[in-house]
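Letter by letter, the chains look like this.
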Amino acid sequence: METAHSAVKTTRLEEYQPPVYLVEEVVLDVDIHDGVTTVTSRLSLKHNPASTVPAGEMRFNGEGLALRALSLDGVALDDGQYEYRDDQLIVRGLPEHCQLTSIVEIQPEKNTALDGLYRSNGMYCTQCEAEGFRRITFFPDRPDVLARFTTTVRADKKRYPLLLSNGNPVAQGEEGDRHWVTWEDPFPKPCYLFALVAGDLACLEDSYTTGSGRRVSLRLYAEHRDLDKLDHAMLSLKNAMRWDEETYGREYDLDIYMIVAVSHFNMGAMENKGLNIFNTSCVLAHPSTTTDAGFQRVESVVAHEYFHNWSGNRVTCRDWFQLSLKEGFTVFRDQQFSADMNSAAVQRVENVDFLVTHQFPEDQGPMAHPVRPAEYQKIDNFYTLTIYEKGAEIVRMQYHLLGPEDFRRATDRYFERFDGQAVTCDDFVACMEEISGRDLTQFKRWYSQAGTPILTVTDKLENGRYQLTFRQHTPPTPGQAEKQPLMIPVRLALLDEAGEPLPLDEAGNREKVIIIDGEEQTFSVDATGPVTPSLLRGFSAPVVLDYAFDHGQLSRLLAHDSDGYCRWSAAQRLYFSALDRLVTGEGTAGAEAQLLVPVLEQVIARADEDPAQAALLLSLPGEVALGDRHTPLDPGSVHVAHHAMKQALGKALQDHWLSLAENLIATELEMDGRAMGRRQLRNLALGYLAASGHPEAQRLAVELFELPLCMTEELAALRVLVHYNLAGADQALAQFAERWADEALVMDQWFAVQASIPGPASLSTIEALMAHPAFDWTVPNRVRALVGTLANGNPSAFHSADGEGYRLFAAVLTRLDGINPQIAARLANAAARLPKLEPGRRGQLASALEAVKKQASDNLSEVLGRILTA
C-alpha cells in the first residue's frame with residue numbers, strides 16, 4: 001500500500017503538454033499462468049510532430065511490473081540506455097521511428113485493488129480506466145495516445161475456454177493443454193479502453209442488423225448459473241443500438257459487441273471498445289432476484305456503455321481534465337434514451353432528485369470542483385457526480401439552447417470532425433457555436449466554475465404588469481473565492497388563480513425560455529390578478545431556486561401545473577416547509593400533516609393516471625436531504641422530525657394508505673412501466689401504514705413477503721418488517737438469507753436492509769455483519785451494501801451522538817484502504833458533511849478521520865485532506 005509519506009504529484013491542466021512520442025500500433029501477448037502472467041509488448045513508436053521536445057527520450061508508465069527484457073528495434077538495451085524507477089520507465093536514444101519491446105511479469109491473483117489485470121471468481125479480467133493499463137505493461141498511459149491494438153491471450157484451455165479482447169478475433173490455436181486467441185481492433189484507441197477476459201462463462205448470443213444492413217453479433221457473458229439473467233440486458237442493448245441510430249445517426253462499427261459480467265468491480269461498468277466489462281449489478285436481471293429499480297438501472301447502464309462507442313471511444317478526451325466530455329455527454333444521452341423508453345416526466349424527476357440530493361451537496365462542500373477540474377492528485381478521485389450528473393446538465397442546457405434539430409447537427413459535426421481524435425470540452429462547445437451562431441463564451445464558465453448557483457427570484461404585480469426579478473449568485477468554493485455570472489436558461493410559465501397558464505407574448509405562447517446572463521435581470525408580462533410562477537420547468541438549469549412560494553401557490557402548482565418537475569418540486573417544498581418547522585421546534589407533526597392532507601388527497605385521487613408519478617409526489621424527502629438544509633446539523637433532531645412527520649402523515653391519510661396497499665395487489669407479474677409504478681405506489685403506502693402503527697401493516701407485509709410475485713415486493717415487505725420492528729421481522733431476515741444465500745446481488749440487499757435500520761442501536765448489528773460468513777472485504781458491492789448504506793443512507797446511526805458510527809467508519813476505511821484504495825477513497829466522501837455538523841459531532845468525526853489519514857494511501861489521503869481542511 002502506498003503511504004501518505006510518499007511524494008504525491010499534482011497534475012495541472014495549465015501544464016498540459018502533448019506526448020513526445022505517439023504509439024501507432026501495440027502488439028500484446030498475454031500468457032496467463034496461475035501465480036504469474038507474462039506480458040510481451042511491442043510498441044511501434046513515432047516522434048510526435050506536435051511535441052516541442054526533440055526525439056530521443058520517452059517516459060513510459062509502469063506500476064508493479066517485474067521487467068524481464070527490454071529491446072529497441074530487436075536489440076537488447078543495456079542498463080545505461082534505460083532506467084526504471086518511481087513507476088516510470090525512462091528510455092533514452094530513441095530514433096524518430098522505432099519499436100520498443102518489453103517482457104514483464106505481473107501477479108493478477110494478488111491484485112485486490114481491481115485495477116489492471118486481476119482475478120474475480122475464477123476468471124481473469126481487466127479494468128484500465130483511468131490508469132490501470134500501466135499495471136499490465138509499460139505504456140504512455142494517457143488518453144491522448146491512441147493506438148491500434150492486436151492482442152493474443154494464452155491460457156489453460158480447460159479452465160479458461162473463453163479468451164476475449166477488443167475488436168474481432170483473427171486467429172486461434174492450441175498448444176498441448178493450452179490455447180490462444182488473437183484479437184485485432186482496427187480502430188485506434190487510448191489504452192484505458194483495453195480489455196481482456198479469460199474464463200469459463202456462459203453466453204447469451206443474438207444479433208442486430210444496423211441501418212446500413214451490417215449484421216452485428218451480440219454476445220453477453222456471465223457465470224453459467226446466471227445465464228437466465230441476461231435477457232433484459234440483451235433487449236436493452238438492442239433498443240439502445242436502434243435508438244442511437246435513429247436519434248444521433250450513430251451506427252456500431254465492429255462485427256461483435258460483447259458484455260461480460262464480473263462480480264469484483266470498482267465501478268458500474270466500463271465501455272472498453274467492443275468488450276464491455278460490467279459489474280454484475282448492472283447487467284444481471286430477473287424478476288425473482290432483481291427489483292424494478294434494478295431493471296431500470298440495467299437498461300440505463302447498458303445503454304450508457306453502448307453510447308460510449310461514439311461519445312468516448314471513437315471521439316475521446318485529450319486529458320483527464322476533460323473527463324466530462326465523454327461522461328457528461330453520455331449520461332445526457334442515456335437519460336434521453338431512458339425517457340423515451342419509459343415515462344419522460346418520471347424519468348426527469350428521478351434524474352433531478354438524484355442531482356439535487358447528491359451532487360448539489362458535493363458542489364457546496366469540501367469536495368466541490370469544476371466539471372473541468374484545474375488540477376488533481378489521483379484522477380480516480382474525480383469520477384464524481386459533478387463530472388457525470390452536472391456534466392449531463394451542462395449538455396442538456398446546450399441541447400435546449402440550440403433546439404433538437406440544431407443540436408443533432410452540432411453533434412453530427414462533432415463526431416465527424418473529431419472521429420479518431422482526443423479532444424476537449426471547448427471543441428464540443430465550438431461545434432455548438434458553429435451550428436447555432438451563438439457566442440457561448442460565457443456559457444463555458446459552467447465547465448470551469450465550481451459550485452451551485454443560487455437563483456433568487458422576487459416578483460411584484462403593479463398596474464396590470466407582473467414582473468419577475470432574477471438575481472444569480474454562486475457562493476465561494478475551495479480554491480475559487482470569486483465567481484462570475486453564468487448563462488442560465490430559465491424555462492417558465494405563469495399560472496393564474498385558477499391554475500390556467502397565462503399568455504407570455506403576442507403569439508400567445510404559454511411557456512418561454514429566458515436567458516439570465518447578468519447578475520440581475522427582469523421579465524414582465526401583462527396580468528390582472530394573482531400569479532403563480534412555474535420556474536425552471538423541466539429543470540432547465542442546475543441551480544438552487546430561491547423564491548418565497550406561499551402554501552397556496554405550491555398547492556396550485558401541485559394540482560394544476562402541466563410540468564412534471566414543477567409539480568414534484570412543489571410537493572417537495574411543501575414537505576420541506578413542514579419538516580423544517582419540526583426540526584427547529586416551531587410546529588407539531590399532527591398540525592403540519594393536516595395542512596398537507598387536502599393537496600395530498602388530490603394526488604391520491606389522480607394516482608391511477610400515473611402511479612409512478614403519484615409515488616414520487618407522495619414521497620417525503622429523505623433524512624439526508626432534510627439535514628442538508630440545516631447548519632449546524634444535528635442528525636438526531638432531523639431523524640426525530642422526519643420520523644414524526646411520516647408517522648403523522650401515515651395516521652392522517654391512514655384509510656387511503658390501507659386502500660392503496662390492498663387494492664394495488666397484483667395477481668400476475670407484469671414488468672411494464674405501469675405495473676412497476678403500481679408496485680412502487682403500493683410499497684410506499686405500506687410504509688406509511690407501518691409508520692402509522694396500523695395493525696394491518698404487519699399482516700400485509702407478511703403476506704407480501706411469503707407470496708411475492710417478484711423481488712420488488714419481497715424486498716419491500718422485508719424492509720417494512722425490519723425497519724418498523726414488526727412481528728416476524730427476525731424470522732423474515734433468516735428466511736431471506738436462507739432462500740437467497742447463493743445469489744450475491746440479492747444478499748447485498750439483505751445486508752443493506754439491516755444497514756439502513758434507523759438509530760444508533762443498529763451499529764452493533766452492522767459491526768456484527770462484518771464478521772458474517774457472506775461478508776467479503778474484497779467485493780466492492782458487498783462493502784457498499786453494508787458500509788456505504790450506513791455512511792450515506794443512515795444518518796441517525798452514522799452520526800450517533802456517542803461517536804460510535806465514526807469509530808466504526810474509521811476502522812473500515814483503514815482496513816479497506818489496505819485492500820482497495822479506490823473504494824476506500826470513494827467511501828470516505830460520506831464524511832464530506834463534516835463542516836456542517838454541530839461542534840460535538842464535528843470534533844468526533846474530525847479526530848477519527850485525522851487518525852486514518854496518518855497512514856492513508858494517496859487516494860484516501862487526498863479525499864480526507866480536502867474534507868479536513870474545509
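Just so you know, these numbers come straight off a predicted model, no measurement behind them.

What counts, and at which threshold
- Residues numbered from 1 in each chain as written.
- Predicted model: local features only at pLDDT ≥ 70, side-chain atom pairs only at ≥ 80, totals over all residues.
- Heavy atoms only, no water.
- Helix = DSSP H or I, 4+ residues; strand = E, 2+ residues; numbered from the N terminus.
- Rg over C-alpha atoms; globule rule 2.2 N^0.38 Å.
- Buried < 20%, exposed > 50% of the residue type's maximum accessible area, 1.4 Å probe, protein only.
- Contact = heavy atoms within 4.5 Å.
- Areas by Shrake-Rupley, 256 points an atom, 1.4 Å probe, with all protein chains shown as cover.
- Lys, Arg positive; Asp, Glu negative; His and termini not counted.
- Charge placed at Lys NZ, Arg CZ, Asp CG, Glu CD.
- 1 Å grid on protein atoms, 1.4 Å probe; cavity = no way out; pocket = protein on both sides within 12 Å on 5 of 7 lines; lining within 4 Å.
- Points joined across faces, edges and corners; volume = space filled by probe spheres on them.
- Nonpolar A, V, L, I, M, F, W, Y, C, P; charged D, E, K, R; others polar.
- Pairing = 2+ DSSP bridges.
- Axes fitted to C-alpha atoms, helices over the stretch in contact; angles between N-to-C directions.
- Salt bridge = Lys/Arg side-chain N within 4 Å of Asp/Glu carboxyl O.
- Core = buried A, V, L, I, M, F, W, Y, C linked by side-chain atoms within 4.5 Å.
- Parallel < 35°, antiparallel > 145°, perpendicular 65-115°, else oblique.
- Polar contact = N/O pair within 3.5 Å; in protein donor to acceptor, adjacent residues only side chain to side chain.
- Expected span 1.5 Å × (residues − 1).
- Left-handed = near helix turned anticlockwise from the far one by under 90°.
- pLDDT = per-residue confidence, 0-100.
- Disulfide = S-S within 2.5 Å.

**Student:** Which residues make up the overall build of the chain, and what values go with them?
**Tutor:** Per the secondary structure count, the chain includes 27 helices and 31 strands. Relative to a compact globule of 870 residues, whose C-alpha radius of gyration would be 29 Å, the chain shows 28 Å and is just as compact. The principal-axis extents of the C-alpha atoms in the chain amount to approximately 85 × 65 × 60 Å. Looking at the chain as a whole, 59% of its 870 residues qualify as buried. Counting only contacts in the chain whose residues sit at least 6 apart along the sequence, the fraction spanning at least 24 positions is 70%. Summing over all exposed atoms, the chain offers an accessible surface of approximately 32,700 Å²; the carbon and sulfur share of this is 48%. A distance of 2 Å separates the average location of the 81 positive side-chain charges in the chain from that of its 120 negative side-chain charges.

**Student:** Summarise empty space enclosed by the protein; cite the residues concerned and give the values.
**Tutor:** What the rule picks out here adds up to 2 cavities of 30 Å³ or more. Taken as a whole, the largest cavity spans an internal volume of roughly 50 Å³. Forming the boundary of the largest cavity are Ser324, Leu325, Phe329, Gly391, Val395, Phe428 and Tyr447. For the lining of the largest cavity, the elements supplying multiple residues, two or more each, are helix H3 (323-341) and helix H5 (385-402). When the residues that make up the lining of the largest cavity are grouped by side-chain class, the tally is 5 nonpolar, 2 polar and no charged. Here the second largest cavity is characterised by a volume of approximately 40 Å³. Around the second largest cavity, the lining residues are Glu362, Met367, His369, Asn381, Phe382, Thr384, Asn829 and Arg866.

**Student:** I'd like a description of the sheet that holds strand E18 (residues 215-222), backed by residues and values.
**Tutor:** Reading across from one edge, E17-E18-E19-E21-E20 is the order of the 5 strands in this open sheet, with mixed pairing throughout. Either end of the sheet is taken by a strand with one partner, and the two such strands are strand E17 (202-209) and strand E20 (269-270). Note: strand E19 (residues 256-262) against strand E21 (residues 275-279), 5 bridges, orientation parallel. Note on E21: the bridge partner recorded for Val260 is Ile277. Together, E19, E20 and E21 form the strand contacts of helix H2 (residues 292-307), whose direction differs from that of E21 by roughly 150 degrees.

**Student:** Help me get a handle on the pairing of strand E8 (residues 88-91), residues and values and all.
**Tutor:** Bridging between strand E4 (residues 58-61) and E8 involves 4 bridges; their strand directions are antiparallel. Across the sheet, Met58 pairs through a bridge with Val91, a residue of E8. Bridge analysis of strand E7 (residues 82-85) against E8 gives 4 bridges, and the strand direction is antiparallel. What sits directly across from Tyr84, in E8, is Leu89. The hairpin formed by E7 and E8 contains 2 residues between the paired strands, and Asp86 there has a positive phi angle of roughly 50 degrees.

**Student:** Explain the environment of Glu299 to me, and be specific about the residues and the numbers.
**Tutor:** Mapped onto the fold, Glu299 is located in helix H2. A residue is classified by how much of its surface remains accessible, and Glu299, at 11% relative accessible area, is buried. As for Glu299 and Ala285, which are separated by 14 residues in sequence, their C-alpha atoms are 9.7 Å apart. Each residue touching Glu299, except ones within four places of it in the same chain, is listed here: His232, Ser236, Phe337, Met341 and Asn342.

**Student:** Could you give me a rundown of the sheet that holds strand E9 (residues 97-106), with the residues and numbers involved?
**Tutor:** Within a sheet, neighbouring strands are paired by backbone hydrogen bonds and run either parallel or antiparallel to one another. Ordered by their spatial adjacency, 8 strands build an open sheet running E6-E5-E9-E3-E2-E12-E15-E14, and the pairing between neighbours is mixed. With partners counted over all chains shown, the strands left at the sheet margins are strand E6 (75-76) and strand E14 (168-175), one partner each. Here strand E2 (residues 21-33) runs beside strand E12 (residues 146-156); their pairing, made up of 7 bridges, is parallel. Each bridged residue has a counterpart across the sheet, and for Asp31 the counterpart in E12 is Arg154.

**Student:** Describe the pattern of salt bridges, listing the residues and the values that go with them.
**Tutor:** Should their charged atoms come close, side chains of opposite charge can pair. Taken as a whole and judged by the stated rule, the model has 67 salt bridges. Here Glu175 and Arg154 are joined by a salt bridge, their closest N and O atoms 3.2 Å apart. Taken together, the positions of Glu175 in strand E14 and Arg154 in strand E12 put the pair 21 residues apart, joining distant regions of the chain. Within this structure, Glu63, Asp115, Glu131, Arg134, Arg135 and Asp141 form a network of salt bridges that share partners.

**Student:** Report on the nonpolar core, specifying residues and quantitative values.
**Tutor:** Considering soluble globular proteins, one finds that nonpolar side chains tend to be buried as a cluster. Membership of the largest hydrophobic core comes to 293 residues, with the highest contact counts inside it found for Tyr414 and Phe470. For this core, the element with the most residues is helix H10 (residues 564-583), which contributes 12 residues. For Tyr414, the contacting residues outside a window of four places in its chain are Val315, Leu325, Phe329, Val423, Phe428 and Cys431.

**Student:** Go over the packing of helix H1 (residues 231-248) against H3, please, and point to the residues and values.
**Tutor:** Relative orientation of the contacting elements H1 and H3 amounts to 105 degrees, with a least axis distance of 11 Å. With respect to each other, H1 and H3 are oriented roughly perpendicular. On H3, the residues that touch Ser236, Asn239, Ala240, Trp243, Asp244 and Tyr248 of H1 are Phe329, Phe332, Arg333, Gln336, Phe337, Asp340 and Met341. Residues belonging to the contact of H1 with H3 are distributed by class as follows: 7 nonpolar, 3 polar and 3 charged.

**Student:** Summarise helix H9 (residues 551-560); cite the residues concerned and give the values.
**Tutor:** Inspection of H9 places Gln553, Leu554, Ser555, Leu557, Leu558 and Ala559 among the buried residues, and these make up the whole buried set. Turning to H9, the residues buried within the fold contact strand E27 (488-495), strand E30 (532-535), H10, helix H11 (589-605) and helix H12 (611-618). One side-chain oxygen of the residue at the start of H9 lies 3.1 Å from the amide nitrogen of Gly552, identifying that residue as Asp550.

**Student:** I'd like to hear about helix H16 (residues 673-692), residue by residue, with values.
**Tutor:** Helix length check: H16, at 20 residues, gives a terminal C-alpha distance of 29 Å against a target of 28 Å (1.5 Å per residue), a fit within 8%. With 16 of its 20 residues buried, H16 lies for the most part within the structure. Between a side-chain oxygen at the N-terminus of H16 and the backbone nitrogen of Arg674 the separation is 3.1 Å; the capping residue is Asp672. Gly693 sits one or two residues past H16 and shows a positive phi near 85 degrees.

**Student:** Any chance you could break down unusual backbone geometry for me, citing the residues and the numbers?
**Tutor:** Cis geometry is adopted by the peptide bond preceding Ala130, which originates at Glu129 and carries an omega value of 5 degrees. Residue placement: Ala130 occurs in the loop between strand E11 (123-127) and E12. One non-glycine residue with positive phi stands out, namely Asp86, at about 50 degrees. Mapped onto the secondary structure, Asp86 falls in the loop between E7 and E8. Phi angles above zero are rare outside glycine, and Asn725 is one such case at about 50 degrees. Tracing the backbone shows Asn725 in the loop between helix H18 (711-723) and helix H19 (729-739).

**Student:** Quick rundown of the packing of helix H21 (residues 762-769) against helix H24 (residues 804-817)? Include the residues and the values.
**Tutor:** The contact between H21 and H24 brings their axes to 10 Å, and the two run at 15 degrees. Our classification of the angle between H21 and H24 gives roughly parallel. Taken as a pair, H21 and H24 cross one another with a handedness that is left-handed. Taking contact as the criterion, the partners of Leu763, Ile766 and Glu767 in H21 are, on H24, Glu804, Gly805, Arg807 and Leu808.

**Student:** I'd love a proper account of the side chain of Asp115, names of residues and values included.
**Tutor:** Inspection of the secondary structure assignment puts Asp115 in the loop between E9 and strand E10 (116-120). For Asp115, a relative accessible area of 5% puts it in the buried group.

**Student:** Residues and numbers for the confidence of the model for the chain, please.
**Tutor:** On average, residues of the chain score 97 in pLDDT, and 99% of them reach the 70 mark or higher. Predicted confidence for residues 1-6 stays below pLDDT 50, and this span has 17 contacts to residues more than four positions away or in other chains.

**Student:** Give a description of the state of the cysteines that names residues and reports values.
**Tutor:** Applying the stated criterion across every chain, the model contains 0 disulfides. There is no disulfide at Cys191, and the cysteine sulfur nearest it, in Cys128, is 6.9 Å away. The exposure class of Cys191 is buried, given its relative accessible area of 0%. With no disulfide partner, Cys317 has as its closest neighbouring cysteine sulfur the one in Cys425, 8.5 Å distant.

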